[in-house]
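# Examination of the molecular architecture
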Amino acid sequence: MKRYLFAILVFISLGLHSQKTTFTATGPKAVEIGETFQITYSVNAQGNKFSGPTFSDFDYLGGPFTSSSSSMQIINGNMTQSVNQSYTYRLRANKKGTFTIPAATITANGKQLKSNTLTIQVVDGTTPSPTTSTPNQNTPSASVDVGDGLIFGRTSINKKQLYVGEPILVTQKIYSEKPITNVQNYKEPTYTGFWKEQIDIGELKLEREALGNKVYNSVTLQKMILFAQKAGKLEIGSFDLDAQIRVTKTRKPRDQWELWMYGNQVVANEDIPVKVNSPKIFVDVKPLPETGKPANFSGLVGKFTMSAKIDRNTLEMNDAITMSIEVTGSGNIDLLSIPNPEFPTDFEVYDPKTTVSAETTVAGVRGGKTYEYLIIPRNEGSFVIPPIKVSYFDTELKKYIELKSDSFLISVGKGHSLTNTSSPTVNQNQVKLLSNDIRFIKTKTSLWKPIKYHYFNSLGHLILVLIIPILFTFLFLFRKKQTIRQSDIVSLKNKRATKVAKLRLKKADKLLKANDNSGFYEEISKALWGYLSDKFNLPLSTLSMDNVREKLNPRLDTTQIDRIVNILNDCEFARFAPNSDFYQPQELYTLTLEIISTIEKSFKS
């Protein structure tokens, strides 16, 4: 028995050390003077001997406050364990500037780990921001003033002057003084004269960011690399979207119960819909210089290298060799093309196989192209393949660069005659069939029929005549029934609403068990709004809190409707602020089930 216990403990210990141990520091990127904030150090293992940094540039308010969590799962004999420890400090900014918080250290799994450093910008928070937001038509005019820079959009670029073909990084964001709870109906701007390469930024995240002398809540909408295709003053257009911001309002208590609970003032959050657009920006694009432009220049701009090789220099006649040409670097790789190499006339050359590998990041587009030529010499002798030349324009050096490979000397022996040779090095799917150009004539066939055979009025013919009308009638009736069923779209969506919502909730439950809070909140939000859209036959683009109140009003009382709307608000806020301690995943999951159950009961009653 002891041996079994020992084996189990060894198995568990191996599982504990199977994941990579990380120690990271997180905190805001920007804060205002006098603002309190938190710095958290997290390790995904059991740690000890934690040593935090000194915070000489900030007021120390407390910490480290420790917390830990762990979970274990065994599925089909595979064990996964998650252990997390965190150490949190509370600080306050007391002076303006950009400060670096040193790394902390901790010992975990027998090793000392060091966290990353953090850079925090502190601003005084006195400079007003530009006004580019307008209230939605559904916004009550007296509820909140959405002017004075409360929310606005901005497109930023990393350079204002560039050459044709030179990359430029474009970032599109929205900024708000209040928390942003929803972003939808994004309309992308026009990029006239540019070629676009999208950068994957993952899910939308709510962050704190300094702009001027003020700290805003910001959401990065998208990032991309643009390549100018022509010279002149090119425009990056304005983007438009619908957003919701959360404002805190106070009101008098409605009844004696609220007076007992909250006192003389009731503090409530309200989501205000607004329309946001960004100003246009312009870029000065200079033409590439004509001086020194090589004759083989194809428009390639950036910084590149080239290599060329062949798999062998000596071979027999009618054997095959492979020539590879690879160009790698950063720039407008899609425009990369090489001039056709000058092969000897005694060589039979097939069209090259082209392989492209490129990655788009905030640093630009990096990768390359590889060209593979299949070559078959048809005569013996010594042959030379001249050097391959590729030219590009270097934007840093502001001049044209020509890349040049070595020449290749190839010696071809006499070998065997063509009709008796089949080279083992040649891909038969790529090389034409030379020794047999006429297929064998077939001597056997199953198409012959007996003399005086007639299909008309035969048994097979009579069965076919009877089956076809019956089959046609069945298909006609089935199609008619399907058309009637699908024509009632409202009823179909209403019946499917609960089923679709339950499927999304199952997926959300799996994400919750997997500790994927970000995916969990998104699935909960999709389940709620998708259910309401299908149940009340309203498109998602027009669905709002006002519509929900209007549709629920004849079915539920005011208290139930207010509770459902508050839960919807909480779910939407948790979607963009998943790390908030106020909104717990399990609580939101339970509340979502209650919403669907309450509405379903109202339809059945």
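Above this text you will find the structure in question.
None of the values given here were measured: they were computed from a predicted structure.

### With respect to helix α5 (residues 517-535)
Its 19 residues place the ends of α5 27 Å apart at the C-alpha level, agreeing with the 27 Å of an ideal helix rising 1.5 Å per residue. Of all 19 residues that make up α5, 14 are buried, and the element is covered over most of its length. Looking one or two residues beyond α5, the residue adopting positive phi is N537, at roughly 55°.

### Observations regarding the packing of aromatic side chains
What the rule picks out here adds up to 21 aromatic pairs. An angle of 35° between the planes, with centres 6.5 Å apart, marks the rings of F50 and Y89 as tilted. Of this pair, F50 sits in strand β4 (residues 47-51) while Y89 sits in strand β6 (residues 78-93), and the two are 39 residues apart along the sequence. Accessibility classification places F50 together with Y89 in one group, the buried group. Connected via pairs of aromatic rings, a cluster forms that spans F23, Y41, F50, F55, Y60, Y87 and Y89. The side chain of K233 reaches across the aromatic face of F282, ending 5.2 Å from its centre. Directly above the ring of Y163 sits K286, whose terminal nitrogen or CZ lies 4.4 Å from the centroid.

### Some thoughts on the environment of K178
Relative to the helices and strands, K178 is located in the loop between β14 (167-176) and β15 (180-187). Residue K178 is classed as partly exposed on the basis of its relative accessible area of 33%. K178 sits 27 residues away from I151 along the chain, and the two C-alpha atoms are 7.9 Å apart. Setting aside anything within four residues of it in sequence, one finds K178 in contact with L150, N217, I245, R246 and V247.

### Some words on a nonpolar patch on the surface
Nonpolar side chains collect at one region of the surface, where L459, I463, I467, L471, F474, L475 and F478 lie side by side and expose about 740 Å² of accessible area between them. Along the chain, the position of I467 falls in helix α3 (residues 459-487).

### Let's talk about the side chain of N332
Structurally, N332 can be placed in the loop between β25 (321-331) and β26 (347-349). In this structure N332 comes out as buried when scored by relative accessible area, which is 4%. A polar side-chain atom of N332 sits 3.1 Å from the main-chain carbonyl oxygen of G299. At 2.9 Å, the side chain of N332 and the backbone nitrogen of V301 are in polar contact. Not counting residues within four places of it along the chain, the set of residues in contact with N332 comprises G165, F227, G299, L300, V301 and F304.

Cut-offs and rules
- Residues numbered from 1 in each chain as written.
- Predicted model: local features only at pLDDT ≥ 70, side-chain atom pairs only at ≥ 80, totals over all residues.
- Heavy atoms only, no water.
- Helix = DSSP H or I, 4+ residues; strand = E, 2+ residues; numbered from the N terminus.
- Expected span 1.5 Å × (residues − 1).
- Buried < 20%, exposed > 50% of the residue type's maximum accessible area, 1.4 Å probe, protein only.
- Phe/Tyr/Trp six-rings, centres within 6.5 Å; stacked < 30°, edge-to-face > 60°.
- Lys NZ or Arg CZ within 6 Å of the ring centre and 35° of its normal.
- Contact = heavy atoms within 4.5 Å.
- Patch = residues over 30% accessible without salt bridge, like charges linked within 9 Å, V, L, I, M, F, W, Y side chains within 5 Å.
- Areas by Shrake-Rupley, 256 points an atom, 1.4 Å probe, with all protein chains shown as cover.
- Salt bridge = Lys/Arg side-chain N within 4 Å of Asp/Glu carboxyl O.
- Polar contact = N/O pair within 3.5 Å; in protein donor to acceptor, adjacent residues only side chain to side chain.

Note that every value here comes from positions in space, so none of it alone points to a role or purpose.
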